[in-house]
Amino acid sequence: MSIRVGVIGTGVMGADHVRNLHSTVSGATVSVVADLDQERAKSVASAVGARWVTDPLKLINDAGVDAVVIASHDSTHADLTLAAVEAGKPVLCEKPLAVTAEDCRRVAAAENPESPLVSVGFMRRFDPGYVALKAETHSGRIGDPLIVHCSSRTVSAYPGGSSESTVTNSAIHELDIVPWILNSPVVAASWHCGRSSSLVTDRQDPQIIMLRTADGVLTTVEVFLNARYGYDTRCEVVGEIGAARLAEPVVIHTDADRSHSYGYAADWIPRFAESYRRQLQEWIDALSTGRPSTLATAAEGLRANLVAAAVIKSMHSAGQLSRSSPWGKVSDVFLMDFRGSFDGFSLAVFEVQRILNTAGKAPNDSITDRPHRAVRR
């Protein structure tokens, strides 16, 4: 029996999901497509023989829809996901689960742990390169991991963004994939910047994010959304006796004019096409057989968003002490900041102490009670 899927949003991401579900994913049928842009909804739907609507709530409550994919604007994710949960329908929400931690918390709280409905589209978990990198990290061949280096560069950012949306929409991938690779949660995060590109006026670009996981591994994350030269995602894990890194997946290498070269993709679609297909197939297979899927959960979407919130707080830090979490009792994060300065630069470090259902007991390698100092090399 085919799973009848409704897709909300027919932009680049939503249209790609429709094509995948129609042509490359077995066991699924696109039955309804929704977009506020009537002509775009009609065009995408007609290409796969689906019905179209302009009201996403109408799609969610349609009797001909068994499961929902949400690929609309980030600001709509939380409310539409909650509507799907209320309707009792499985929902795959593109990252981020919500823009704010408070909205993520609402979604996570609405989930029934005995029968979860929400999955989050962190597709890098299904990328062959990242899967192999995780396996190599834990194989013992490179020793215990010490440092992770990540960079995410794109040709140009979509208009209308901000420095904050760089974190919640783009860097959110690294905030999920790093703890996934290491099997260790993020416990500290800070945001840094230097000179911004002269070609960018709407945000700080590039940005540097520092993460520390509970295992003591330090991660550097570079996010440069207007790098111009191509779509380029890198990740390297440095261990005690070796290192492993992603290999750029290219089709050809060219040798000409005394040079060796290969081309970069223009955006994320060709780079992660297989990841999206595998993610959708796993989601459909899990729904068809009634088993839990291996996609990211609402709780994991919340965790990534909480780290993003800490990064943004570091971005806007005025150096004031913050000893309590702005997310209240539901949050399992404790924030504490430290401010030092050297050479005219200010350093803001926000400790993110996660308490993973351990009755309030902090991890043994908690770093929130250890002193910090700015070190200049």
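With respect to the helices and strands, the residue Pro-249 is situated in the loop between β12 (243–245) and β13 (254–256). Pro-249 sits in the partly exposed class, given a relative accessible area of 48%. Distance from Pro-249 to Pro-128, taken between C-alpha atoms, is 9.9 Å for residues 121 residues apart in sequence.

Pairing is mixed across the open sheet formed by seven strands, whose spatial order is β3-β2-β1-β4-β5-β6-β15. At either end of the open sheet lies a strand with only one pairing partner, and these are β3 (51–53) and β15 (296–297). Where strand β1 (residues 3–8) and strand β2 (residues 28–34) come together, six bridges link them in parallel fashion. Across the sheet, residue Val-7 finds its bridge partner in β2, namely Val-33. Lying over the sheet, helix α9 (residues 273–289) contacts β1, β2, β4 (67–70), β5 (91–94) and β6 (118–121), oriented at roughly 135° with respect to β1.

Relative to the assigned elements, Cys-235 resides in strand β11 (residues 232–239). Each C-alpha atom of the pair Cys-235 and Ala-247 lies 8.9 Å from the other, and the pair is 12 residues apart in sequence. Aside from chain neighbours lying at most four places away, what touches Cys-235 is Tyr-130, Leu-133, Val-148, His-149, Cys-150, Ile-181, Ala-244, Arg-245 and Leu-246.

Our next topic: the pairing of β5. A two-sided burial pattern is seen for β5, the buried positions comprising Val-91 and Cys-93 on one face and Leu-92 and Glu-94 on the other. Where β4 meets β5, three bridges bridge the pair, whose relative direction is parallel. Its bridge partner lying in β5, Ile-70 is registered against Cys-93. A crossover connection joins β4 to the parallel β5 through helix α4 (residues 77–86); in handedness this β-α-β unit is right-handed. Across four bridges, β5 lies against β6 in parallel orientation. The partner of Val-91 across the bridge, within β6, is Val-118.

Reading the values: rules and limits
- Residues numbered from 1 in each chain as written.
- Predicted model: local features only at pLDDT ≥ 70, side-chain atom pairs only at ≥ 80, totals over all residues.
- Heavy atoms only, no water.
- Helix = DSSP H or I, 4+ residues; strand = E, 2+ residues; numbered from the N terminus.
- Buried < 20%, exposed > 50% of the residue type's maximum accessible area, 1.4 Å probe, protein only.
- Pairing = 2+ DSSP bridges.
- Contact = heavy atoms within 4.5 Å.
- Axes fitted to C-alpha atoms, helices over the stretch in contact; angles between N-to-C directions.
- Right-handed = clockwise from strand over helix to strand, strands pointing away.

Remember that the coordinates give geometry; whether it matters functionally is a separate question.
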